[in-house]
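# Understanding the architecture of this molecule
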Amino acid sequence: MTETITAPATDGTRDIDAAARDLAARMPASLGVLATIAYNYRWSWHPGGPELFAAVDAERWEWTNQNPVRLLHETSSAALDRAAGDPGLIERAQGVLAAIEADAARPPFPGRASSTRPVAFLCAEFAVHVSLPIYAGGLGVLAGDILKQSSDLALPMVGVGLLYRQGYFLQRMDQSGYQHEYWFPLDPERVPAALVHNTDGEPLTVRVPLRGRDVVVQVWRVDVGRVRLYLLDAQRPENSRIDRWITGRLYVSDRATRLAQYALLGIGSMRALDAMGMDPSVVHLNEGHAALAPLELARRDIVAGAERNAAFIAARERTVFTTHTPVGAGNEGYDPAEIAEVLSAFPEQVGMDFDSFLQLGRTRPDNPHEPFVMTPLGIKMSREANGVSRRHGEVARQMWQSLFPERPADAVPIGYVTNGVHVPTWLAPRMRELLDRYLGHGWIDRAADPDTWQAVDRIPDDELWSVRNTMRAEFIAYVRDRTIANRLARGEPRWYVEAAERGFSADALTIGFARRLASYKRIYLLTLEPQRMERLLLNTDSPVQLVLAGKAHPQDEESKRAAQGLFAFKGTPQAAERVSFLDNYSLATAMQMVSGCDLWINLPRPPLEASGTSGMKAAVNGSLNLSVLDGWWAEAYDGGNGWALPGDIAFDHAVQDARDAAVLYDLMEHEVLPLFYARDTRGVPVGWLEKVRASMRTCGPRFSAARTMHDYIDRAYALTRSTG
Ligand SMILES: *Cc1c(COP(=O)(O)O)cnc(C)c1O
């Protein structure tokens, strides 16, 4: 590399190093290595990484939400001394650190992206790890997986998001199944983050004009392997109490605050990168929230003397936009007064009168009644736009066709890059170990290659079945424990708590359904025919157990009511032993569920599931999908790798629901259960395992984040071009 460093780095490198040194100084000397590892989430997807911290103090590891910084701060000195005196542990830690350092020393991905001209990936939420609760659901999980995969590919990328001082809400269900929310402060000093300082040793800050004044933001850096995630934070003494609240909560309910968040993310991200000496070669807007970013790039050029049109063209040339949802609430509209209040002078600064600015956020610019929506702005201000599955690409082209009145829907310039999951993150250690034995050395680096996964056919039945049995048994122990704790906390009657203690079996077909409780996910289909559901649950020859989880948006009363329907079977003793709703769905719960369930169900109303990713996580772990032919499953299902419900778009929702519930129960009764319980003389379900192999072989490579990132790099980022 010919890059020269012209000024002392203000990108937070020194701050992260100092934080790790400070933590190490509090430890017995031999544990310094753990403090270094703690400040880069790379450990979380290195085999044996999480186990290092668990070995220090297993109970506190869970207590702190698997937060290595809190663990090392809070664990007793007795536990620290014990760990420091464990040569095996220290040796393993040194091995992990050496691997992480070797990973960091690899040459960067070839092309015009570099550490000073990175791909900037902007998103309102990032699900990097359960210990950093700044995510709500699938969008954040995808963003986290993209950062990790970019690190694995050595792609020079930085993520930029917001540091929500109260994160996302925590969920507590009451006895009636009604959701209650509460918030818990996120202390940035107690997560693996460091406040970025400038060369004078002062916190590096940038100003963003909002509501007619400047809001000052500081920047936290979180290391995700080779990729840095920068989080903007309005918790500054210069800001009023109200302005500090802008980065209070993810998807906060107040509209003006939410709009201010998006402005902070779009404008503030570009200013913060500039202040840290970075000029992005590509700006990837992951969903519309950050869509003001290209306008800020244009503003900068205009200030430097560029003509407005040229500045806009240059900004568009750098920008890539991904739309993630065909659901109305994901494409929220703002009226002119709201835009004027929050953005005040910004339109003027990009050389536009207010009306022309409003037109940028409309599909029909001259319709004064159309609200300002970030998605049209993102599409107009980007060089490439895409949906997140083949089918969602089609849906998005129709949805935004009015932006291109001269074109038919199939010629609308919105493509697709199907989502994928970061395999090293989502593969349970036991399945990883099995695949390591059969897929060949270094297979994880070839996870996007279909040939790599052909080798699952060589795994013998008994070995595959034994691993699946162990994974289910460990999951069921977890479900039992969590269910008892949840029922006690809800104040349930003793018999119901004890039913959980006796109930749940390590051998029964285990069905998982977990996702955001949004109406279009149709969780209520599970109980639309209560008698058939009850028959399944009460059947003792081929037992079935059901594990559910998910959060409804605090304002989504309809979904909260639908979730209550799931508690309808509480009164039936056998059902109390076989159905559990796990409170507070998180990355950690998801990890348990996708690795321990045999069957993963998804029931979205077509065409509203843009992609869906939890089924991909289940597939790589050897679980089978039963899902509507929408989103990723419309692309993945081949007749032999799982089960499908129709994906047609219906106008009579009640009729569609009744039909789909019937199909769901028919499949369960006539296909899923018979196949799972058809055993050979050794007790092995040979036909089931054949499907498991087909599912892993077909879904593993195509729905890995490695394939997703290769698509982004090839189709959208155009990194090999010399200009930009
Ligand atoms: C994977 C994941 C999601 C997304 O699941 P979908 O299948 O897209 O509904 C949401 N939340 C968590 C915690 C996840 O891990």
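Residues numbered from 1 in each chain as written. Predicted model: local features only at pLDDT ≥ 70, side-chain atom pairs only at ≥ 80, totals over all residues. Heavy atoms only, no water.

### Examining the nonpolar core
Note the following rule: Remark: nonpolar core denotes a set of buried residues (Ala, Val, Leu, Ile, Met, Phe, Trp, Tyr, Cys) joined through side-chain atoms within 4.5 Å. Each residue is assigned to one of three classes by its accessible area relative to the maximum for its type, calculated with a 1.4 Å probe on protein chains only: buried under 20%, partly exposed between the two thresholds, exposed over 50%. Helix and strand assignments come from DSSP, with helices taken as H or I runs of at least 4 residues and strands as E runs of at least 2, each series counted from the N terminus. For the purposes of this description, domain bounds are those given by an automatic or database domain assignment. What makes two residues a contact is simply this: any of their non-hydrogen atoms within 4.5 Å.
Among the nonpolar cores identified, the biggest contains 138 residues, and Ile-37, Leu-72, Met-157, Leu-292, Leu-295, Phe-357 and Tyr-717 are the most heavily contacted of them. Top element by residues in this core is helix 10 (residues 255-275). It accounts for ten residues. Of the domains in this structure, domain 1 (13-104) and domain 2 (119-169 + 182-419 + 710-717) are the two that each give at least three residues to this core. In this view, Leu-292 contacts Ala-263, Gly-266, Ile-267, Leu-343, Phe-346, Phe-357, Met-374 and Leu-377; residues no more than four positions away in its chain are not counted. In this structure, Val-544, Ala-575, Tyr-665 and Trp-688 belong to the second largest nonpolar core, which totals 63 residues.

### Let's talk about the pairing of strand 8 (residues 227-233)
We apply this condition: Note: two strands are recorded as paired if DSSP finds a minimum of 2 bridges between them.
With seven of its seven residues buried, strand 8 lies for the most part within the structure. Every second residue of strand 8 is oriented toward a common face, with Val-227, Leu-229, Leu-231 and Asp-233 on one face and Arg-228, Tyr-230 and Leu-232 on the other, all of them buried. The sheet contact formed by strand 2 (residues 157-162) and strand 8 spans five bridges and is parallel. Opposite Val-158, over in strand 8, you have Arg-228 as the bridge partner. The antiparallel pairing of strand 7 (residues 213-224) with strand 8 creates a hairpin that spans two residues between the two strands, and Gly-225 there sits at a positive phi of about 65°.

### Quick word on the packing of aromatic side chains
Formally: The rule is short: rings of Phe, Tyr and Trp, with Trp giving its six-membered ring, pair when the centres are within 6.5 Å, and they are stacked under 30 degrees, edge-to-face over 60, tilted in between.
In this structure the tally under the stated criterion is 21 aromatic pairs. For the pair Trp-643 and Trp-688, a centre-to-centre distance of 5.8 Å together with 40° between the ring planes defines the contact as tilted. Linking Trp-643 in strand 20 (residues 642-645) with Trp-688 in helix 30 (residues 686-702), this pair joins segments that are 45 residues apart in sequence. Of the aromatic side chains, those joined through ring pairs into one cluster are Trp-465, Trp-643, Phe-676, Tyr-677 and Trp-688.

### Here we look at the confidence of the model for the protein
Under the convention used in this document: pLDDT is a residue-level measure of predictor confidence that goes from 0 to 100.
Mean pLDDT over the protein: 95, with 98% of residues reaching 70 or higher. Note on residues 1-5: pLDDT is under 50 here. Beyond four places in sequence and across chains, it has four contacts.

### Looking at the side chain of Asn-239
Defined as follows: The definition of a polar contact used here is a pair of N or O atoms within 3.5 Å, where within protein one atom must be able to donate a hydrogen and the other to accept one, and adjacent residues in sequence count solely through side-chain atom pairs.
Along the polypeptide, Asn-239 turns up in the loop between strand 8 and helix 9 (241-244). Of note is the side chain of Asn-239, whose polar atom sits 2.8 Å from the backbone oxygen of Ala-234. Once residues within four sequence positions are removed from consideration, Asn-239 is found in contact with Asp-214, Val-215, Val-216, Ala-234 and Arg-244.

### Here we look at the packing of helix 3 (residues 49-56) against helix 7 (residues 87-104)
Heads up, the rule is: Axis definition: a line fit to C-alpha positions, over the contact stretch in the case of helices; interaxial angles, taken between N-to-C directions, run 0 to 180 degrees. For classification purposes, an angle smaller than 35 degrees is called roughly parallel, one larger than 145 roughly antiparallel, one from 65 to 115 roughly perpendicular, and anything else oblique. Two helices cross in a left-handed way if the nearer one is turned anticlockwise from the farther one by less than a right angle. They cross in a right-handed way if the turn is clockwise. Throughout this entry, Asp, Glu, Lys and Arg are counted as charged residues, while Ala, Val, Leu, Ile, Met, Phe, Trp, Tyr, Cys and Pro are counted as nonpolar. The remaining residues, Gly among them, count as polar.
Between helix 3 and helix 7, the least distance of the axes is 10 Å, while the angle of their chain directions is 150°. One finds that helix 3 runs roughly antiparallel with respect to helix 7. Like other packed secondary-structure pairs, helix 3 and helix 7 cross with a definite hand, here left-handed. Here helix 3 contributes Leu-52, Ala-55 and Val-56 to the contact with helix 7, which in turn contributes Leu-89, Arg-92, Ala-93 and Val-96. Residue classes in the contact of helix 3 with helix 7 are distributed as six nonpolar, no polar and one charged.

### Notes on helix 8 (residues 138-152)
In plain terms, the rule: Any helix carries an expected span of 1.5 Å times its number of residues minus one.
With 15 residues, helix 8 should reach 21 Å at 1.5 Å per residue; the first-to-last C-alpha distance of 21 Å fits that figure. Most of helix 8 is tucked away, with 14 of its 15 residues classed as buried. Downstream of helix 8 by one or two residues, Ala-154 has phi in the positive range, about 60°.

### Examining the domain arrangement of the protein
Spelled out, the test is: Computed with a 1.4 Å rolling probe, the buried area is the accessible surface lost when two parts are put together, summed over both parts.
If you check the domain split of the protein, you get domain 1 (13-104), domain 2 (119-169 + 182-419 + 710-717) and domain 3 (425-702). If you average the C-alpha positions of domain 1 and of domain 2, the two centres end up 33 Å apart. At the interface, 22 residues of domain 1 touch 25 residues of domain 2. The junction of domain 1 with domain 2 conceals about 2,000 Å² of combined surface from both sides, 54% of it contributed by carbon and sulfur atoms. Together, Asp-15, Tyr-41 and Trp-45 form the three largest contributors to the area buried by domain 1 at its contact with domain 2, with a combined 34%.

### A closer look at the site of the ligand
We count it as follows: Definition of nearness: a residue and a molecule or strand are near each other if at least one heavy atom of the residue lies within 4 Å of the molecule or strand.
Around the ligand sit 14 residues in total, of which Lys-521, Ala-590, Thr-613, Ser-614 and Lys-617 are the nearest. For the shell around the ligand, the secondary structure elements donating two or more residues are helix 8, helix 26 (587-596) and helix 27 (614-620). For the shell around the ligand, the residue count by class is five nonpolar, six polar and three charged. A domain-level breakdown of the shell around the ligand finds at least three residues from each of domain 2 (119-169 + 182-419 + 710-717) and domain 3 (425-702).

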